[in-house]
Amino acid sequence: MSTADTREVHLTIPVAPEMEIAATAQVAALGEWMELGRDKIDEVKMAVVEACINAFEHSGTPDHRVELRFRVGTERPGNGGRAYLEVDVLDNGHGFDPACVASPEIGKKLRAPHKRGWGLRIIRSLMDDVRIESGERGTMIVMRKYR
Amino acid sequence: MSETLKVTLEKPDGTVAILRTDGYINNTGGEEIARQAYTLLGEGTIRLLLDLEKTKIVNSIGISILIEVLEKVLDQGGRLAFCRLTPTIEKTFQIMGLAQYARIFPAPEDALAWLRGEAE
């Protein structure tokens, strides 16, 4: 891939069981094209799955859809010049405050009736950069993985 | 599109059971694992191996159900091990801290030895 190459794919999926798997196919295709590496592709797929199911379950999106934008790009030389795969996951739901999301701990979860709440932890741990913009008109999670 | 999880059970002896998964561990997949695990626990088999060789993707809902299974295994004084995880699934389990309470092995033989108390 030359430094001038960029590719972007848009996908809209319905809020429905296993539609997050459809989104991971785009990660595999673009990741292989940019020679991202198998383990890194799998990490992006996992993060995309988590972002999608967060939107499915918590956003309350009125149109019952989640939009994804997959982008292959290269940083400017002054910023490192690294190639990356970036995924935006957007919904039109009611938004949330990421600062108010409790950080889960396995010891507490083992004794608690509610064992979920791991999505953001997984996304932030598997991706190199994560940005969350959320408000009354929806949420956008931007996740980047460098090659 | 269907990624329905298949779970097959093997009981190599009276002390341990192996649950082999094939497919996506999401909510329904996790519930199927839990259903089979709770049957085993009810029968007194409290040392369980989850062999994920044919599972290439999981989500946090499915893993949360595995945490429920782990809790019940530990409550009964048992052991839970995982083997043949993809690097990303193993990394995710590490991120979540599962490896503090369950053991992760590359090979089923090593996992079974630990479950039987033959190795630490």
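Our subject is the structure listed above.
Residues numbered from 1 in each chain as written. Chains lettered and ligands numbered in written order. Predicted model: local features only at pLDDT ≥ 70, side-chain atom pairs only at ≥ 80, totals over all residues. Heavy atoms only, no water.

What follows is about unusual backbone geometry. All names here are of chain A. In this model, Glu 18 sits at a positive phi of 70 degrees, which is unusual for a non-glycine residue. As for its placement among the helices and strands, Glu 18 is situated in the loop between β1 (7–14) and α1 (19–33). With a relative accessible area of 12%, Glu 18 lands in the buried category. Non-glycine residue Glu 35 carries a positive phi angle of around 60 degrees. Secondary-structure assignment places Glu 35 in the loop between α1 and α2 (38–58). (Helix = DSSP H or I, 4+ residues; strand = E, 2+ residues; numbered from the N terminus. Buried < 20%, exposed > 50% of the residue type's maximum accessible area, 1.4 Å probe, protein only.)

Let's shift gears to empty space enclosed by the protein. Within the structure shown, the criterion is met by one cavity of 30 Å³ or more. Its volume calculated, the largest cavity comes out at about 40 Å³. Lining of the largest cavity is provided by Asp 42, Lys 45 and Met 46 of chain A together with Lys 56, Ile 57, Thr 86, Thr 88 and Ile 89 of chain B. Listing elements by their share of the lining of the largest cavity, those giving two or more residues are α2 of chain A together with α3 (87–96) of chain B. (1 Å grid on protein atoms, 1.4 Å probe; cavity = no way out; pocket = protein on both sides within 12 Å on 5 of 7 lines; lining within 4 Å. Points joined across faces, edges and corners; volume = space filled by probe spheres on them.)

This part takes up the sheet that holds strand β5 (residues 103–105) of chain B. Residue and element names in this part refer to chain B. Reading across from one edge, β1-β2-β3-β4-β5 is the order of the five strands in this open sheet, with mixed pairing throughout. Looking at strand neighbours, the two that pair on one side only are β1 (6–10) and β5, the edges of this open sheet. Averaged over all pairs of adjacent strands, the angle between strand axes in this sheet comes to 25 degrees, irrespective of strand direction. In this fold helix α1 (residues 27–42) packs onto β1, β2 (16–22) and β3 (47–54), with an angle of close to 170 degrees to the strand it touches most, β2. Packed on one face of the sheet, helix α4 (residues 108–115) meets β2, β3, β4 (79–83) and β5 and runs near 170 degrees to β4. (Pairing = 2+ DSSP bridges. Axes fitted to C-alpha atoms, helices over the stretch in contact; angles between N-to-C directions. Contact = heavy atoms within 4.5 Å.)

Every contact between the two is made by 28 residues of chain B and, on the other side, 27 residues of chain A. The interface formed by chain B and chain A includes two salt bridges. Of the charged contacts in the structure, one is a salt bridge between Glu 43 of chain A and Lys 91 of chain B, with a shortest N-O distance of 3.2 Å. For the pair chain B and chain A, the number of links is seven residue pairs in polar contact (both at pLDDT 80 or more). Residue contributions to the side of chain B that touches chain A peak at nine residues, all from helix α2 (residues 60–75) of chain B. In terms of residue class, the side of chain B that touches chain A is built from 14 nonpolar, 10 polar and four charged. (Salt bridge = Lys/Arg side-chain N within 4 Å of Asp/Glu carboxyl O. Polar contact = N/O pair within 3.5 Å; in protein donor to acceptor, adjacent residues only side chain to side chain. Nonpolar A, V, L, I, M, F, W, Y, C, P; charged D, E, K, R; others polar.)

For the rest of this paragraph, the subject is α1 of chain B. Residue and element names in this part refer to chain B. Along its 16 residues, α1 runs 22 Å from first to last C-alpha, staying within 8% of the 22 Å computed at 1.5 Å per residue. Taken as a whole, α1 has its buried residues at Gly 29, Gly 30, Ile 33, Ala 34, Gln 36, Ala 37, Leu 40 and Leu 41. Residues of α1 that are buried in the fold lie against β1, β2, β3 and α2. The positive-phi residue at the C-terminal boundary of α1 is Gly 44, with phi of around 95 degrees. (Expected span 1.5 Å × (residues − 1).)

One can describe the packing of helix α4 (residues 119–126) of chain A onto α3 of chain B by two numbers: an axis separation of 10 Å at closest approach and a directional angle of 120 degrees. Classed by the angle they form, the pair α4 of chain A and α3 of chain B counts as oblique. As for the relative orientation of α4 of chain A and α3 of chain B, their crossing is right-handed in sense. Taken together, the residues of α3 of chain B that come into contact with α4 of chain A (itself represented by Arg 121, Ile 122, Ser 125 and Leu 126 of chain A) are Lys 91, Thr 92, Ile 95 and Met 96 of chain B. Class assignment for the residues of the contact of α4 of chain A with α3 of chain B results in four nonpolar, two polar and two charged. (Parallel < 35°, antiparallel > 145°, perpendicular 65-115°, else oblique. Left-handed = near helix turned anticlockwise from the far one by under 90°.)

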